[in-house]
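The chain contents come next:
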Amino acid sequence: RGFLVVAPGLTIKDRLRVLQPNDPDCYYKDRELVPSDMLDDVNRAKIIITNYHAFRLRERIELSAGGRSLLTGRTGSELNTTETEGQMLQRVMPDLMGMKNILVLNDEAHHCYREKPNADEEEDLKGDERQEAEKNREAARLWISGLEAVNRKLGLARVIDLSATPFFLSGSGYVEGTLFPWTMSDFSLMDAIECGIVKLPRVPVAENIPGGDEMPMFRDLWENIRKDMPKKGRGQGGELDPLKLPTRLQTALQALYGHYEKTFKLWEEKGIRVPPCFIIVCQNTAISKLVYDFISGFQRKNEDGTSTLENGRLGLFRNFDETTGNPLPRPNTLLIDSEQLEAGDALDDNFRGMATDEIERFRREIIERTGDARAADNLTDQELLREVMNTVGKHGQLGGCIRCVVSVSMLTEGW
């Protein structure tokens, strides 16, 4: 009767709500997975859908450093203000409390494993790769520790892992790409592509930059431009000129944009009500801001204090009117830091500064749609951007007009 479904982020968590028997688009009824005379039995199940970030023990009391020091007093003993495991479970899965033998379904379960103890695999990793490995390790540790807490307090009947990539990531201590030893069933990628279940990958085989290499540089673009791109550090992109992106990157964007332009016109001719969506994944927020400005346009500050509009270099993705130079009421290009949005964290101050205009335009649009001047007041900035991100490609909704998404750490699962 008790089921816990764990997702890697809020986007997938939102999409999995069709597993709730009381959801309007419930799959059991909609897809006829359960005979109609047995739907009442399904309604008796308690189903909790969460993202693994919810397993992190939260602070019960918000204290400043000074306040904490004062309460610690002369004893010097550390003040413990974080939740207990029991309090965390009560917050995340109140409906399952008191139950036994819960069944767990892990979605995108390649993020969930116990790392190999005393592993020295990361000695060869440097820079971004080392950071990526540490991030993978932290996510896996939090996810598996959360499930172990559920097992200790409530008891698990079984854990079923589901993933399109059932192998160890870097940071696990095991050889990256090694198949999980608990894999029981496999459906090949080629079969999935032929059945139309997964996206069809497009591989770049041509480029218009002369060079002696047989392998196109677009095939592994990042390796060919990384030394010319800004390092991690939020807000550093402000010192750089978006129009001075590496030539190879500009050429790659132009080449892919040419394909998008043709597709966009075809969709328009066929009367499809939403535009196709072009997604760019960047290494860090400094780079994403530069790419976003290059694509959608930006105001260049002059020495006399005035500013001049540099309109976006990719016409269909511009966020500024070509004749007046005013910002469009509905932006064509969206800038998001999906890592923060997926975890449900508050937006980083620098990122909020980058996205201020964008957030304001979406707030105005909510007011226009609802006719209620206070309709957007109850939404936080991250809730607003997540709603836009979740409704890209959905006609009549907040993200329905988005043509291009520029992101950091875009959650590829679910896109």
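Just so you know, these numbers come straight off a predicted model, no measurement behind them. (Residues numbered from 1 in each chain as written. Predicted model: local features only at pLDDT ≥ 70, side-chain atom pairs only at ≥ 80, totals over all residues. Heavy atoms only, no water.)

## Notes on the confidence of the model for the protein
Taken as a whole, the protein shows an average pLDDT of 83; of its residues, 85% reach a score of 70 or greater. Segment residues 234-238 is flagged for pLDDT under 50; beyond a separation of four residues in sequence, or across chains, it makes 10 contacts in the model. (pLDDT = per-residue confidence, 0-100. Contact = heavy atoms within 4.5 Å.)

## A look at the environment of glutamine 254
Inspection of the secondary structure assignment puts glutamine 254 in helix H9 (residues 247-269). When the C-alpha atoms of glutamine 254 and isoleucine 295 are compared, they prove to be 10.0 Å apart, with 41 residues separating the residues in sequence. With sequence-adjacent residues up to four places away left out, glutamine 254 is seen in contact with Arg313 and Leu314. (Helix = DSSP H or I, 4+ residues; strand = E, 2+ residues; numbered from the N terminus.)

## Thoughts on the packing of aromatic side chains
Aromatic ring pairs are described here by two measures, namely the spacing of the ring centres and the angle between the planes. Following the criterion strictly, the structure yields 13 aromatic pairs and no others. For the pair phenylalanine 278 and phenylalanine 317, a centre-to-centre distance of 5.2 Å together with 50° between the ring planes defines the contact as tilted. A residue pair is termed long-range when its members are at least 10 positions apart, and phenylalanine 278 in strand S5 (residues 278-282) and phenylalanine 317 in the loop between strand S7 (307-311) and strand S8 (333-337) qualify at 39 residues. Each member of the aromatic cluster is reached from another via a ring pair, and the members are Tyr113, Phe168, Tyr174, Phe180 and Trp182. Taking NZ or CZ as reference, arginine 31 lies 4.1 Å from the ring centre of tyrosine 27, over its face. (Phe/Tyr/Trp six-rings, centres within 6.5 Å; stacked < 30°, edge-to-face > 60°. Lys NZ or Arg CZ within 6 Å of the ring centre and 35° of its normal.)

## A closer look at a nonpolar patch on the surface
Residues Phe187, Leu189, Ile197 and Val198 make up a contiguous nonpolar surface patch of about 410 Å² in total accessible area. On the basis of relative accessibility, which here comes to 35%, the residue valine 198 falls in the partly exposed class. (Patch = residues over 30% accessible without salt bridge, like charges linked within 9 Å, V, L, I, M, F, W, Y side chains within 5 Å. Areas by Shrake-Rupley, 256 points an atom, 1.4 Å probe, with all protein chains shown as cover. Salt bridge = Lys/Arg side-chain N within 4 Å of Asp/Glu carboxyl O. Buried < 20%, exposed > 50% of the residue type's maximum accessible area, 1.4 Å probe, protein only.)

## Considerations on the pattern of salt bridges
Counted according to the given criterion, the structure contains 13 salt bridges. Note that arginine 114 and glutamate 148 form a salt bridge whose closest N and O atoms lie 2.7 Å from each other. Note that arginine 114 is positioned in the loop between strand S3 (102-107) and helix H6 (127-153) and glutamate 148 in helix H6, a separation of 34 residues in sequence. The shortest N-O distance in the salt bridge between lysine 289 and aspartate 293 comes to 3.2 Å. Taken as a pair, lysine 289 and aspartate 293 lie in helix H10 (residues 285-296) at a separation of 4 residues, close to a single helical turn. Exposure remark for aspartate 293: the relative accessible area of 9% places this residue in the buried category. Residues joined by salt bridges that share partners form a network here, namely Asp241, Arg300, Glu310 and Arg313.

## Quick look at the packing of helix H13 (residues 356-370) against helix H14 (residues 381-390)
Where H13 contacts H14, the two axes come as close as 10 Å, and the packing angle between them is 75°. As the angle between them shows, H13 and H14 are arranged roughly perpendicular. When H13 is examined against H14, the residues Glu358, Ile359, Phe362, Arg363 and Ile366 are found in contact with a partner set consisting of Asp381, Leu384, Leu385 and Val388. Here the contact of H13 with H14 is built from residues that sort into 6 nonpolar, no polar and 3 charged. (Axes fitted to C-alpha atoms, helices over the stretch in contact; angles between N-to-C directions. Parallel < 35°, antiparallel > 145°, perpendicular 65-115°, else oblique. Nonpolar A, V, L, I, M, F, W, Y, C, P; charged D, E, K, R; others polar.)

## Some details on helix H5 (residues 85-92)
Taken together, the buried positions of H5 are Met88, Leu89 and Val92. Each buried residue of H5 lies within a common arc of 95° when the element is viewed along its axis, so the set occupies one face. (Arc of directions from axis to C-beta.)

## Some remarks on the sheet that holds strand S1 (residues 2-7)
Hydrogen bonding along the main chain pairs the strands of a sheet, whether they run parallel or antiparallel. Taken in spatial order, the 4 strands line up as S2-S1-S3-S4 in an open sheet, and their pairing is parallel. Each of the sheet's edge strands pairs with one partner strand only, and the pair in question is strand S2 (46-51) and strand S4 (156-162). In this sheet, adjacent strand axes meet at a mean angle of 15° when their direction is disregarded. Pairing between S1 and S2: 6 bridges, direction parallel. Bridge assignment links leucine 4 to a residue of S2, and that residue is isoleucine 48. (Pairing = 2+ DSSP bridges.)

## Re the state of the cysteines
Under the counting rule described, the total for this entry stands at 0 disulfides. You can see cysteine 282 has no disulfide; the closest cysteine sulfur is in cysteine 404, sitting 9.3 Å from it. Cysteine 277 supplies the cysteine sulfur nearest to cysteine 404, a cysteine that is in no disulfide, at a spacing of 6.9 Å. (Disulfide = S-S within 2.5 Å.)

## A closer look at the sheet that holds S5
One open sheet holds the 3 strands; their spatial order is S5-S9-S8, and the pairing between them is parallel. Two strands bound the open sheet, and with one partner strand each, they are S5 and S8. Across the sheet, the mean angle separating the axes of adjacent strands is 15° when strand polarity is ignored. Sheet analysis places S8 next to strand S9 (residues 404-408), joined by 5 bridges and oriented parallel.

## Brief notes about H13
Spanning 15 residues, H13 covers 22 Å between terminal C-alpha atoms, matching the ideal 21 Å at 1.5 Å per step. When we look at burial in H13, the residues that qualify are Glu358, Ile359, Arg361, Phe362, Arg363, Glu365 and Ile366. Residues of H13 that are buried in the fold lie against H10, S8 and H14. Downstream of H13 by a residue or two, glycine 371 has a phi angle that is positive, lying close to 75°. (Expected span 1.5 Å × (residues − 1).)

## Concerning the environment of tyrosine 28
Mapped onto the elements of the fold, tyrosine 28 is located in helix H2 (residues 27-30). On the basis of relative accessible area, tyrosine 28 is assigned to the buried category, the value being 16%. Spatially, the C-alpha atom of tyrosine 28 lies 10.0 Å from that of methionine 38, the residues being 10 residues apart in sequence. Discounting chain neighbours no more than four positions away, the residues touching tyrosine 28 are Leu19, Gln20, Pro21, Leu33, Val34, Leu39, Val42 and Ile47. In terms of polar contacts, tyrosine 28 uses its side chain to reach the backbone carbonyl oxygen of leucine 19, at 2.5 Å. (Polar contact = N/O pair within 3.5 Å; in protein donor to acceptor, adjacent residues only side chain to side chain.)

## Description of the nonpolar core
Formed by 24 residues in total, the largest nonpolar core has its most connected members in Leu4, Val6, Phe55, Met93, Leu96 and Leu147. Only S1, H5, S3 and H6 provide two or more residues apiece to this core. Considering each element in turn, this core owes the most residues, 7 residues, to H6. If we skip the residues at most four places from it in the chain, leucine 96 touches Gly2, Phe3, Leu4, Lys46, Ile48, Ile102 and Leu154. (Core = buried A, V, L, I, M, F, W, Y, C linked by side-chain atoms within 4.5 Å.)

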